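# Analysis of the macromolecular model
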Amino acid sequence: MSGITNFTSCRRFENGASALRKDLPGAGLINKKFLTTKPCQKVSLVHSKRMFKGSSIRMTMVDERISSRKVVVPSEILAYELVQGAKVRWSYIMEGSLPEPPTAVLLHGILGSRKNWGSFARRLAQEFPKWQFLLVDLRCHGDSASLKKRGAHTVASAALDVLKLLGQLRLTPRVVVGHSFGGKVALSMVEQVAKPLARPVRVWVLDATPGEVRAGADGDDHPAELISFLSKLPKEVSSKRDIAEALIQEGFSRDVAQWVVTNLRQTNPAGSSPSPLSWVFDLKGIAEMYQSYEETNLWKIVEDVPRGVHVNFLKAERSLHRWALEDIRRIHVAEEQAVEEGGGVEMHVLEDAGHWVHADNPDGLFKILSFSFQGF
């Protein structure tokens, strides 16, 4: 996607980033060395309890004996991690002197963070050691919440953030994977980048449609209701358990409640006594983002896919959202049309999975995504 460097806003930022990079203090770069983690640790992923009888949740973790490198470099755009396979030698500092490895971008959904993809990314890096995987915290989420952003918090602005980060890192991803809200962000990235793209890129939209967002059945966990409930809570709380119980009492599933409270951090972790807990995300900004998610219509980019772009939709068998027959019909029509115009659109269904596909059925998701990383 070297077309990114032709995108005017990104090019201006890259020029500024070159100067910024020279001025970065050594301490900020960990003495200009990469931070290398110890062998992969187990990470709990968010998963939904929306299971039919007889189904089970399979959590496949990376073999702890296999090590992958996690590179952490300062950025004023978005907080991120770069998980690299064992055969990757590229680095941010040495950019230009080493060939760029194939790169995939992994994007989380509303109220999530880059950590949602951590275990899955390390598994991909283990299986495809020539690849590297860029995990970001989207604006208003995770560690990016402290990076103040101007303008409206929308799908488009979130996509532009990722494009700017790629411009700063001089990376041209071959694969972009977005879950839920992140799926629309991935489509918006394609819409905003200069066309035609210089080389093929595969975009995966996981359990999200390009247009109208339709809530699931009664009793499902609705993100809009969750955001509304969280907005009524105090900015500082004393106990994760109390908040989790309050969410359950309100009707949210225990798994969602336990996932949400992972966004609580100690206000003063250096204090001698336990300090109050506060949310790491910007909930007001997230509410704007979710409204944009519901309103943003990206059918045009799907029904007129740029040459060299292949868009893959994945529907969870027990999706949190309702996929209308019209949505599926339009995607299949786009499949036929894209073949004739040099692009690609494809529809997949992930069995035995709810909305949180990378946690509910990681084995099935891994199998479906794998062909995007083969041949390198």
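For the structure, see preceding data.
The shown structure was predicted, so the numbers you read here are calculated from the model rather than taken from an experiment.

## Notes on the packing of aromatic side chains
As enumerated under the stated definition, the model contains 13 aromatic pairs in all. Summarising the aromatic geometry, the rings of phenylalanine 120 and phenylalanine 366 are spaced 6.1 Å apart at their centres and angled 70° between planes, so their arrangement reads as edge-to-face. Separated by 246 residues along the polypeptide, phenylalanine 120 in helix H2 (residues 118-127) and phenylalanine 366 in helix H12 (residues 362-370) bring together distant segments of the chain. The exposure class assigned to phenylalanine 120 is buried, which follows from its relative accessible area of 3%. The class for phenylalanine 366 is buried, based on a relative accessible area of 9%. An aromatic cluster is present here, built from Trp117, Phe120, Phe128, Trp131, Phe133, Phe366 and Phe373 joined pairwise through their rings. Here the guanidinium or amino end of lysine 184 rests over the ring plane of tyrosine 293, the centre of that ring lying 5.1 Å away. Over the aromatic face of tryptophan 299 sits the side chain of arginine 330, whose NZ or CZ is 4.2 Å from the ring centroid.

## Brief notes about the sheet that holds strand E7 (residues 236-237)
Neighbouring strands of a sheet are bound in pairs by backbone hydrogen bonds; such pairs are parallel or else antiparallel. Strand order across the open sheet formed by three strands is E7-E9-E8, with antiparallel pairing between neighbours. Strand pairing shows two members of the sheet lacking a second neighbour, E7 and strand E8 (264-266), which therefore form its edges. Bridge count for E7 against strand E9 (residues 277-279) is two bridges, and the pairing is antiparallel. For glutamate 236, the partnering residue across the bridge sits in E9 and is serine 278.

## So, the pairing of strand E5 (residues 175-179)
E5 sits mainly inside the fold: five of its five residues count as buried. Residue alternation in E5 divides its side chains into two sets, Val175, Val177 and His179 and Val176 and Gly178, and both sets are buried. Strand direction decides the pairing type here: strand E3 (residues 103-107) and E5, joined by four bridges, are parallel. Residue pairing in the sheet places alanine 104 in a bridge with valine 175 of E5. Pairing of E5 with strand E6 (residues 201-206) involves five bridges; the strand directions are parallel. Paired with histidine 179 across the two strands is leucine 206, which belongs to E6.

Rules of the game
Once a new chain begins, its residue numbering starts again from 1 and follows that chain's sequence as written. Predicted model: local features are reported for residues with pLDDT of at least 70 only, side-chain atom pairs are reported and counted for 80 or more only, and whole-chain, interface and lining totals are derived from all residues. Values shown for side chains rest on all heavy atoms present in the structure; no hydrogens or waters enter the calculation. Stacked, edge-to-face and tilted are the three classes for Phe, Tyr and Trp ring pairs, Trp counted by its six-membered ring, which pair at centre distances within 6.5 Å; planes under 30 degrees apart are stacked, over 60 edge-to-face, the rest tilted. By the criteria applied, helices consist of DSSP H or I runs no shorter than four residues and strands consist of E runs no shorter than two, each listed in order from the N terminus. For every residue, the accessible area obtained with a 1.4 Å probe (protein chains only) is divided by the maximum for its type, and the residue is called buried under 20%, exposed over 50%, and partly exposed between those limits. Should the NZ of a Lys or the CZ of an Arg lie within 6 Å of a ring centre and within 35 degrees of the ring normal, that charge is described as sitting over the ring. Here, a strand pair is defined by DSSP locating no fewer than two bridges between the strands.

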